[in-house]
Amino acid sequence: MREWVDTETNEDARALDRSMWDIVGSEQPDGTFIAKAAGPAPEDSEFWYAALNRIKDDPDQRYNMARRHLPLPAAWREMALALRMKIRQARKTRSGYEPELRQLHSLAAMSSYADYGVLQRVPYARLAALSLSYDVVGCDRLTLLRSTDCKWMRELWGEPRSHSTAAELYKEMLEADVRRIEADKNDEQRELTDRLFNHEFGTTADASSSSAPPPPRRRRGILGWIFGR
């Protein structure tokens with residue numbers, strides 16, 4: 001299964017996103033044309049979140065499964081929950097938990113760059129390379145974190161110099177990403193429209209050479225194709 005955490009370039013992220021959400025059409029035996037997207041990759045032929053619910057009491061399995069489905073919003077939340085489980089267990093046994101807390105902060109900082117509509121088209125490698133340490137970005141404005149998370153961080157690391165988000169710290173980069181993604185999606189929308197239109201009006205070479213033109217047909221909108229209307 002291709003994963004977002006393996007993406008290194010804009011094109012990597014775009015290709016992965018399109019493999020999930022591009023609309024693909026197929027004609028049914030009754031002539032109905034159905035268009036749908038593949039969606040997130042399944043876990044053993046099952047929707048990933050349903051599969052995760054069966055192993056949610058195991059923080060390591062929960063973390064790893066959720067990580068495979070980043071940057072879906074639920075995946076960030078599930079990874080954070082898994083790390084909190086490990087931190088609480090460590091606190092009860094008076095064991096060290098700083099690595100897990102740093103992972104939690106890193107997740108929260110990266111997820112603060114943008115919402116899913118943008119993150120899905122931004123390569124993980126580029127986000128992971130940003131300077132988003134606790135001292136740089138703080139914790140109070142990272143929406144993935146809870147007040148208890150910030151309390152733990154202050155206990156270990158003190159008060160940060162400031163509190164911000166990745167979106168604010170890398171505003172120009174984000175603006176460039178948004179422009180690029182909007183342009184790509186506009187191109188993809190035109191591509192989809194052309195593909196559906198050609199399916200409706202496409203003719204074979206024999207038909208195109210016929211002296212009698214085909215009767216005019218009413219063009220359906222995209223929603224008509226998607227929902228079979």
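Preceding block: the structure.
All of these numbers come straight from a predicted model, not from anything done at the bench.

A. Just the packing of helix α4 (residues 73-92) against helix α5 (residues 98-111), in detail. Their axes nearest at 9 Å, the elements α4 and α5 cross at an angle of 160 degrees. Between α4 and α5, the interaxial angle falls into the category roughly antiparallel. The chirality of how α4 crosses α5 is left-handed. For the pair α4 and α5, contact is made by W76, M79, A80, L83, R84, K86 and I87 and by E100, L101, Q103, L104, L107, M110 and S111, respectively.

B. Up close: helix α3 (residues 59-68). Residues P59, R62, Y63, M65 and A66 constitute the buried set of α3. Among the structural elements, α2 (48-54), α4 and α5 are those in contact with the buried residues of α3. The distance from a side-chain oxygen at the start of α3 to the backbone nitrogen of D60 is 3.1 Å, and the residue carrying that oxygen is D58.

C. Broad picture of the nonpolar core. Membership of the largest hydrophobic core comes to 52 residues, with the highest contact counts inside it found for W4, W76, L101, Y113, L127 and L145. Considering every element that reaches this core, the biggest residue donor is α4, with 9 residues. For L127, the contacting residues outside a window of four places in its chain are W4, M110, Y113, L119, V122, L132 and M173.

D. Geometry of the side chain of R14. As for its position among the elements, R14 is in helix α1 (residues 10-21). A relative accessible area of 16% places R14 in the buried class. With sequence-adjacent residues up to four places away left out, R14 is seen in contact with R121, D184 and E188.

Calculation rules
Throughout this document, residue positions are counted from 1 along each chain, in the order its sequence is written. Thresholds applied to this predicted model are a pLDDT of at least 70 for local features of residues and 80 or more for the giving and counting of side-chain atom pairs; totals over whole chains, interfaces and linings are not thresholded and use all residues. With hydrogens and water set aside, each side-chain value is computed from the structure's full complement of heavy atoms. Orientation is described by lines fitted to C-alpha atoms, with helices fitted over the stretch in contact, and by angles between N-to-C directions that extend from 0 to 180 degrees. A run of H or I in DSSP counts as a helix once it spans at least four residues, and a run of E counts as a strand once it spans at least two, with each numbered from the N terminus. Should an angle lie under 35 degrees it is considered roughly parallel, over 145 roughly antiparallel, and from 65 to 115 roughly perpendicular; all remaining angles are considered oblique. Here is the rule for handedness: rotate from the far helix to the near one, and if that takes an anticlockwise turn smaller than a right angle the crossing is left-handed, while a clockwise turn gives right-handed. Throughout, a contact is declared for two residues whenever any of their heavy atoms are within 4.5 Å. Only protein chains enter the accessibility calculation, which uses a 1.4 Å probe. A residue is then buried if its area is under 20% of the maximum for its type, exposed if over 50%, and partly exposed in between. The definition of a polar contact used here is a pair of N or O atoms within 3.5 Å, where within protein one atom must be able to donate a hydrogen and the other to accept one, and adjacent residues in sequence count solely through side-chain atom pairs. Definition of nonpolar core: a set of buried residues of the types Ala, Val, Leu, Ile, Met, Phe, Trp, Tyr and Cys, connected through side-chain atoms within 4.5 Å.

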